Amino acid sequence: MTESKFIKSPSSVAVLGVSFSGGQPKGGVDEGPIRMIEHGILDQIKDLGWKVDHDGRLDHYKDLEPAEDPDIGILKRPRYVGAVSKAVSEAVESHARQGQMVLTLGGDHSIGLGTVSGSTAVYGEDTCLIWVDAHADINTPDSTDSGNLHGCPISWMLGIAGKVEGFEWVQPRLKPSNLVYIGLRDVDPAEKRILREHNIKAFSMFEVDKYGIGKVVEMALDHVNPDRTKPIHLSFDVDALDPSVAPATGTPVRGGLTFREGHYICEAIAETKCLVALDVVEVNPLLGSDEASWQQTVKIGCSLVRSALGETLL
Ligand SMILES: NC(=[NH2+])NCCC[C@H](N)C(=O)O
Ligand SMILES: [Mn+2]
Ligand SMILES: [Mn+2]
């Protein structure tokens, strides 16, 4: 596989709607993309000056669902998650190869394995991954307590997952030193061990409180991308935000990022002009206490995208 040269600031964005919920047990997260599109995200991106490439399809990848997908140990729907991630990876890769920015609307965060694999296939080991989340999503198939694969994608990217049926296609191309987290506050004990063992940089809510979001993003970028010359993949799980800000999500954790902190992260990354791929995941319009709360979450998903794609306050 040849690595293509990284174009700073592409002008065309490919939008993939991945209506997938198989990486966790709650229905509804597969409706995230359609609600964001109904809210007008495609026109909003066009209004920012981007050429938008979206074929109108929302991929449910139903045809990839195996007739039978029995648990492997406690892992749930492993073959389905593996097959969808593979398809997502191929889609992201083909758009990135054409020099397009790739925006993926999820869907649960298991699809991050696909999106990041697509980016690293094109940009190679230069690829920086900024994972904004309440959770580390780095459990291995052996360490997960829930068996929900949205808690595991990063272990495959790093090559520490071991062999699991459905994931034979994965090529671990992410270097631990090119990964940085922002927003963590619900990390399993086994995940803490993995982070320490691989020396992975993480800015939890403790550091956000201690240093402020401006300094945290600067330190995160200094760690993975000191010269601001390498391509950045931003994977934004809306549960990084406080549940009062983004209530309609499957695994909310109190004590999260404020509205502005979340948007600041996107704005500061946009400013580097190094962004090549963005995921906004875990918007679940069937959760939240009422209509207003899921609509608020959909709206925030859209405004995070706009911030990352260059919308400024002035
Ligand atoms: N993408 C997410 N919301 N992940 C939540 C993961 C929670 C927990 N650490 C688990 O592995 O099950
Ligand atoms: Mn996540
Ligand atoms: Mn999360």
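Just so you know, these numbers come straight off a predicted model, no measurement behind them.

What counts as what
Residues numbered from 1 in each chain as written. Chains lettered and ligands numbered in written order. Predicted model: local features only at pLDDT ≥ 70, side-chain atom pairs only at ≥ 80, totals over all residues. Axes fitted to C-alpha atoms, helices over the stretch in contact; angles between N-to-C directions. Helix = DSSP H or I, 4+ residues; strand = E, 2+ residues; numbered from the N terminus. Parallel < 35°, antiparallel > 145°, perpendicular 65-115°, else oblique. Left-handed = near helix turned anticlockwise from the far one by under 90°. Contact = placed C-beta atoms within 7 Å. Nonpolar A, V, L, I, M, F, W, Y, C, P; charged D, E, K, R; others polar. Buried ≥ 20, exposed ≤ 12 C-beta atoms within 10 Å, placed from the backbone. Arc of directions from axis to C-beta. Near = placed C-beta within 6 Å. Core = buried A, V, L, I, M, F, W, Y, C linked by C-beta atoms within 7 Å. pLDDT = per-residue confidence, 0-100. Pairing = 2+ DSSP bridges. Right-handed = clockwise from strand over helix to strand, strands pointing away.

J.: When you look at the packing of helix H8 (residues 213-224) against helix H9 (residues 259-272) in this model, what are you seeing that I'm missing?
T.: To characterise two packed helices, one gives the angle between the axes of the helices and the distance between these axes. Relative orientation of the contacting elements H8 and H9 amounts to 40°, with a least axis distance of 10 Å. Judged by the angle between their axes, H8 and H9 are oblique. Of the two elements, H8 crosses H9, and the hand of that crossing is right-handed. Counting all contacts with H8, which are made through Ile213, Val217 and Leu221, the residues of H9 involved are Glu261, Tyr264, Ile265, Ala268 and Thr272. Split by residue class, the contact of H8 with H9 holds 6 nonpolar, 1 polar and 1 charged.

J.: How should I be thinking about helix H6 (residues 189-197) in this particular structure?
T.: Of the positions making up H6, those classed as buried are Glu191, Ile194 and Leu195. All buried residues of H6 lie within an arc of 100° about the axis, which places them on one face of the element. Every exposed residue of H6 that faces more than 90 degrees away from the buried side is listed here: Pro189, Arg193, Arg196 and Glu197. For H6, the secondary structure elements touched by its buried residues are strand E7 (201-204). The positive-phi residue at the C-terminal boundary of H6 is asparagine 199, with phi of around 55°.

J.: I keep staring at the site of ligand 1 and nothing clicks. Help me out?
T.: Near ligand 1, the surroundings consist of 14 residues, among which His109, His135, Ser146, His150 and Gly151 are the closest. A per-class count over the shell around ligand 1 returns no nonpolar, 9 polar and 5 charged.

J.: Explain the packing of helix H3 (residues 78-97) against helix H4 (residues 112-123) to me, please; I cannot follow it from the model alone.
T.: Two numbers describe how H3 lies on H4: the axes approach to 7 Å, and their chain directions differ by 40°. With respect to the hand of their crossing, H3 and H4 are arranged in right-handed fashion. Across the interface between the two elements, Val84, Ser85, Lys86, Val88, Ser89, Ala91, Val92, Glu93, Ala96 and Arg97 of H3 pack against Leu113, Gly114, Thr115, Ser117, Gly118, Ser119, Ala121 and Val122 of H4. For the contact of H3 with H4, the residue count by class is 8 nonpolar, 7 polar and 3 charged.

J.: I tried to follow the environment of threonine 249 on my own but got confused; where do I start?
T.: With respect to the helices and strands, threonine 249 occurs in the loop between strand E8 (232-237) and H9. By the C-beta count within 10 Å, which is 28 here, threonine 249 ends up buried. Contact partners of threonine 249, with chain neighbours within four places excluded, come to Val238, Asp239, Glu282, Val283, Asn284, Leu287 and Thr297.

J.: What exactly am I supposed to notice about the nonpolar core here?
T.: Note that soluble globular proteins tend to have their nonpolar side chains buried in a common cluster. If you look at the biggest cluster of nonpolar residues, it comprises 94 residues, and the most contacted ones within it are Ile130, Ile269, Leu275, Val280, Val305 and Ala308. Setting aside residues up to four positions removed in sequence, leucine 275 forms contacts with Met101, Ile232, Leu234, Ile269, Ala270 and Ala308.

J.: Please clarify how the confidence of the model for the chain should be interpreted in this entry.
T.: Parts of the model with low pLDDT should not have their predicted coordinates read in detail. Here the chain averages 96 in pLDDT, while 98% of its residues score no lower than 70. ipTM for the predicted complex: 0.97, alongside a pTM of 0.97.

J.: Where do I start with the pairing of E8 in this structure?
T.: Every regular strand shows the same layout, with side chains that alternate between the two sheet faces. Burial analysis of E8 places 6 of its 6 residues in the buried class, which makes it a mostly covered element. What you see with E8 is no split at all: Ile232, Leu234 and Phe236 on one side and His233, Ser235 and Asp237 on the other are buried throughout. Pairing of strand E5 (residues 128-132) with E8, which is carried by 5 bridges, proceeds in the parallel orientation. By the bridge assignment for E8, isoleucine 130 is matched with leucine 234. Sheet topology note: the E8/strand E9 (residues 275-281) ladder contains 6 bridges and is parallel. Directly across from serine 235, in E9, lies its bridge partner aspartate 279. Crossover connection from E8 via H9 to parallel E9: handedness right-handed.

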